[in-house]
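Chain by chain, the residues:
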Amino acid sequence: FAFTLSPRCGVRLRPGAVRACGGEAGCQAREAAGSMAVVVMKFGGTSVANIERIRNVARHVKREVDAGNKVAVVVSAMSGATNQLIAWVKEASPNSIYDPVEYDAVVATGEQVTAGLLALALQDMGHKARSWTGWQIPVKTTAAHGAARILDIPGEEISRRLDAGEIAVVTG
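Remember, predicted model here, so these are calculated numbers, not experimental data.

Cut-offs applied
Numbers given to residues run from 1 along each chain, matching the order in which its sequence is written. Residues qualify for local features only when their pLDDT is at least 70, as the model is predicted, and side-chain atom pairs are given and counted only at 80 or more; totals for whole chains, interfaces and linings, by contrast, use all residues. By convention in this description, side-chain values take in all heavy atoms of the structure and omit both hydrogens and water. Whenever a carboxyl oxygen of Asp or Glu lies within 4 Å of a side-chain nitrogen of Lys or Arg, that contact is scored as a salt bridge. Only runs of H or I of at least four residues qualify as helices and only runs of E of at least two qualify as strands under DSSP, and these elements are numbered from the N terminus. Only protein chains enter the accessibility calculation, which uses a 1.4 Å probe; a residue whose area is less than 20% of its type maximum is buried, one above 50% is exposed, and one in between is partly exposed. Residue types Ala, Val, Leu, Ile, Met, Phe, Trp, Tyr and Cys, when buried and joined through side-chain atoms within 4.5 Å, form a set referred to as a nonpolar core. It only takes one pair of heavy atoms within 4.5 Å for two residues to be counted as in contact. In this analysis, rings of Phe, Tyr and Trp, with Trp reduced to its six-membered ring, are considered paired at centre separations within 6.5 Å, and the interplanar angle assigns stacked below 30 degrees, edge-to-face beyond 60, and tilted for intermediate values. Distance and angle both matter: a charge sits over a ring if NZ of Lys or CZ of Arg is within 6 Å of the ring centre and within 35 degrees of the ring normal. Expected span of a helix, by definition, is 1.5 Å for each gap between consecutive residues, and there is one gap fewer than residues. Note that the arc is computed from the directions linking the helix axis to the C-beta atoms. Any pair of nitrogen or oxygen atoms within 3.5 Å is treated as a polar contact; in protein, a donor-acceptor pairing is required on top of that, and neighbouring residues in sequence qualify only through side-chain atoms on both sides.

Peer 1: How should the pattern of salt bridges be read in this particular structure?
Peer 2: Inspection of every chain in the model, using the stated rule, returns 6 salt bridges. Asp124 is the salt-bridge partner of Arg55, the closest N and O atoms lying 3.3 Å from each other. Residue Arg55 is found in helix α1 (residues 51-66), and its partner Asp124 is found in helix α4 (residues 109-124); the two are separated by 69 residues along the sequence. Salt-bridge contacts for Glu157 lead to Arg160; the nearest nitrogen and oxygen are separated by 2.6 Å. Remark: Arg160 and Glu157 occur in helix α5 (residues 156-163); sequence separation between them is 3 residues, near one turn of the helix. Given a relative accessible area of 48%, Arg160 falls into the partly exposed group. A network of salt bridges, in which partner residues are shared, links Glu157, Arg160, Arg161 and Glu166.

Peer 1: Help me out: how do you make sense of the nonpolar core in this one?
Peer 2: The nonpolar side chains of a soluble globular protein tend to be buried with one another. Within the largest apolar cluster, 23 residues are counted, with the highest numbers of intra-cluster contacts made by Val61, Val73, Leu118, Leu122, Ile167 and Val169. When near neighbours in sequence (up to four residues on either side) are disregarded, Val61 contacts Met41, Phe43, Val71, Val73, Leu122 and Ile167. In terms of nonpolar packing, the next biggest core, distinct from the first, is built from 9 residues, Trp132, Ile137, Ile158 and Ala168 among them.

Peer 1: Whenever I open this one, the packing of aromatic side chains confuses me. Can you help?
Peer 2: Enumeration over the complete set of coordinates arrives at 1 aromatic pair. A centroid spacing of 5.2 Å and a plane angle of 10 degrees characterise the contact between Tyr98 and Tyr103, whose relative ring orientation is stacked. Exposure remark for Tyr98: the relative accessible area of 31% places this residue in the partly exposed category. In this structure, Arg130 is placed above the aromatic ring of Trp132, and the distance from its NZ or CZ to the ring centre is 4.1 Å.

Peer 1: Mind showing me how you'd approach α1 here?
Peer 2: One turn of the α-helix equals 3.6 residues, which is why residues spaced by three or four share an orientation. Spanning 16 residues, α1 covers 22 Å between terminal C-alpha atoms, matching the ideal 22 Å at 1.5 Å per step. Taken residue by residue, α1 has Ile54, Val57, Ala58, His60, Val61, Glu64 and Val65 as its buried positions. On an axial view of α1, the arc spanned by its buried residues comes to 160 degrees, and they lie on one face. Sitting at the head of α1, Asn50 places a side-chain oxygen 3.2 Å from the backbone nitrogen of Glu52.

In short, shape yes, function no, at least from these values alone.
This is the structure:
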């Protein structure tokens, strides 16, 4: 389960995968997997800025699933959420340099909220979906806080879930 990094948009691709970027549909990577494609879709903060937009993203994802594809979705925090979380960190710790581990614990919650909401929207549309955080996959990185590089993504569990027809909604 090896990946390469797309130079244009930063989406990690398995060898032989094809990446396509565009507008409302976000960034997508497709990989042939027998007769069924594995589609990885990435949606940034503006695409998931509110519940209406999250439901719109869910409709894009549903179209891919209904077309017979296995789908993994990577989502950012809702537009403005990260800035608000950072402001709260600074407000909670105005007189000191804050602990980077706790900073990450707070700021990561923005993506977690979006992933959970999208999984719920997909479930509401009748699809099996589950939200995933980096540590649950797990995404293995270097120890360089704030500038870590991905070393490995053992994707066996997500692959098993995709093969069972579940949509993976991943923070990122």
